[in-house]
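Per-entry structural report
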Amino acid sequence: MYDLEGKLVVAVASSALFDLTESDKVFREQGEEAYRAHQREREDVQLPEGVAFGFIRRLLSLNVSESDHPVEVVLLSRNDPDTGARVFRSIAARGLGIERAVFTKGRPPWRYVESFGASLFLSAHPKDVREAVDLGVPAGQVLAGGGYPDDPDDRGLRVAFDFDGVLADDSAEKVYKEGGLDAFRRSERAMEGTPLNPGPLLRLFRELGRIQAIETARRQIDPSYEPLLRIAIATARGAPAHQRVVESLRSWGLGVDEAFFMGGVDKGRVLGTFRPHLFFDDQLAHAQPTSQLLPSVHVPFGIANRV
């Protein structure tokens, strides 16, 4: 029996992996039977790449052999096996190593995230993502944006995270929302040496750190091996509020390759240079602008997302 224990598992909806705009329009405007016929007729026509495609392709490239295979990706789809056949054919045509799938025929697929021990669920379906996050499931909504050609000459994988409400909880954000900037600054000075509690994607962050350790071990065995994964934090915090990020990382036993303490300056200025294959932020006001530059994910967690 195949064992997923000890692997980084990511669950991805077909709506995040591929651009389903055309087929979704058929479903909405003409109904299920027309949609079924549409998918069958185009079963051998590859679906266009979606927002998360580059991230998933590169993530799977971290598997170098059957014995050195630290990553698994599971497809979770609202299709049934019949209408989902086109998705699997598109996966196979692009050489993605995705073997496992769940088809729910319209039911929320996020319910199966924990069944596979996944540390992330990606979907373009906002209701699915919000329901998942509300129940403590690590999830994010990929945002439609400017289109991101997946450069085949770029072998690296770069991932960027906002901090509060993504890696850490929203306790500091609550102080800011309820008391304003001065209250936030007072609180951060008083709590300077106190780490923040974990947020919704800390498990993913930790798992990516473990992958980096695997890459370091590969390089020790083979000096010609070039590590692929780089991780960054891009936060609106500036000095001295940056110190709680440092203390939190220390308490978690984790580090990053690059950190951007923007002090309220547009994160797109640095993310456009770092060029992550996914950027995670809990605030749409930040994630939507970056989605025009690079693949971006909204994590609807905490006070910033309360209506």
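Residues numbered from 1 in each chain as written. Predicted model: local features only at pLDDT ≥ 70, side-chain atom pairs only at ≥ 80, totals over all residues. Heavy atoms only, no water.

Let's talk about the side chain of Glu215
Along the chain, Glu215 falls in helix H8 (residues 202-221). It is Arg218 that comes nearest to the buried, bridge-free Glu215 among opposite-charge side chains, at 4.3 Å. One polar contact links the side chain of Glu215 to the main-chain amide nitrogen of Leu229, over a distance of 3.0 Å. Setting aside residues no more than four positions away along its own chain, Glu215 makes contact with Leu62, Tyr225, Pro227, Leu228 and Leu229. (Helix = DSSP H or I, 4+ residues; strand = E, 2+ residues; numbered from the N terminus. Buried < 20%, exposed > 50% of the residue type's maximum accessible area, 1.4 Å probe, protein only. Lys, Arg positive; Asp, Glu negative; His and termini not counted. Salt bridge = Lys/Arg side-chain N within 4 Å of Asp/Glu carboxyl O. Polar contact = N/O pair within 3.5 Å; in protein donor to acceptor, adjacent residues only side chain to side chain. Contact = heavy atoms within 4.5 Å.)

Examining the packing of helix H2 (residues 21-30) against helix H3 (residues 32-41)
Close contact between H2 and H3 brings their axes to 7 Å; oriented N to C, the two are set at 150°. One finds that H2 runs roughly antiparallel with respect to H3. Here Glu22, Ser23, Val26, Phe27 and Gln30 of H2 come into contact with H3, specifically with Glu32, Ala34, Tyr35, His38 and Gln39. For the contact of H2 with H3, a count of residues per class yields 4 nonpolar, 4 polar and 2 charged. (Axes fitted to C-alpha atoms, helices over the stretch in contact; angles between N-to-C directions. Parallel < 35°, antiparallel > 145°, perpendicular 65-115°, else oblique. Nonpolar A, V, L, I, M, F, W, Y, C, P; charged D, E, K, R; others polar.)

Points about the layout of surface pockets
By volume, the second largest pocket is sized at about 680 Å³. For the lining of the second largest pocket, the secondary structure elements donating two or more residues are helix H7 (171-190) and helix H11 (284-290). Broken down by class, the residue content of the lining of the second largest pocket amounts to 11 nonpolar, 7 polar and 11 charged. (1 Å grid on protein atoms, 1.4 Å probe; cavity = no way out; pocket = protein on both sides within 12 Å on 5 of 7 lines; lining within 4 Å. Points joined across faces, edges and corners; volume = space filled by probe spheres on them.)

As for the pattern of salt bridges
Under the counting rule described, the total for this entry stands at 28 salt bridges. The salt bridge involving Glu114 is made with Arg203; its shortest N-O contact spans 4.0 Å. Here Arg203 lies in helix H8 and Glu114 lies in the loop between strand E3 (100-103) and strand E4 (120-123), a separation of 89 residues in the sequence. Relative accessible area serves as the criterion here: at 36%, Arg203 is assigned to the partly exposed category.

Concerning the environment of Arg244
Looking at where Arg244 falls in the secondary structure, it is placed in helix H9 (residues 243-252). According to the relative accessible area criterion, Arg244 is buried, its value standing at 5%. With 95 residues separating them in the primary sequence, Arg244 and Pro149 have C-alpha atoms 36 Å apart. When sequence neighbours within four positions are dropped, the list of residues in contact with Arg244 reads Phe163, Glu188, Met191, Glu192, Thr194, Pro195, Leu196 and Arg237. Polar contacts involving the side chain of Arg244 include one to the main-chain carbonyl oxygen of Thr194, which spans 2.9 Å.

Looking at the sheet that holds strand E8 (residues 258-261)
Sheet architecture is open: 10 strands sit in the order E3-E2-E1-E4-E5-E10-E9-E6-E7-E8, paired in mixed fashion. In the strand order of this sheet, the two ends are held by E3 and E8, each with one partner. Pairs of neighbouring strands in the sheet enclose a mean axial angle of 25°, with direction left out of account. Across 3 bridges, strand E6 (residues 157-161) lies against strand E9 (residues 278-281) in parallel orientation. Within E9, the residue paired with Ala160 across the bridge is Phe279. Here helix H4 (residues 53-60) sits on the sheet in contact with strand E1 (8-12), strand E2 (71-77), E4, E6 and E9, set at roughly 145° to E2. (Pairing = 2+ DSSP bridges.)

Things to note about the pairing of E2
Residues in a regular strand project their side chains so that they alternate between the two faces of the sheet. The buried count for E2 comes to 7 of 7 residues, which makes it a mostly enclosed element. Neither face of E2 is left uncovered, since the one carrying Val71, Val73, Leu75 and Ser77 and the one carrying Glu72, Val74 and Leu76 both have all their residues buried. Relative to E2, E1 runs parallel, the two being bridged by 5 bridges. Note on E2: the bridge partner recorded for Val9 is Glu72. Pairing between E2 and E3: 4 bridges, direction parallel. Considered in E3, the bridge of Ser77 is made with Phe103. With helix H5 (residues 85-93) bridging E2 and its parallel neighbour E3, the resulting β-α-β unit is right-handed. (Right-handed = clockwise from strand over helix to strand, strands pointing away.)

Quick notes on the nonpolar core
Formed by 56 residues in total, the largest nonpolar core has its most connected members in Ile56, Leu59, Leu122, Phe161 and Phe280. Among the nonpolar cores identified, the runner-up in size contains 15 residues, and Val74, Val133, Val137 and Ala139 belong to it. (Core = buried A, V, L, I, M, F, W, Y, C linked by side-chain atoms within 4.5 Å.)

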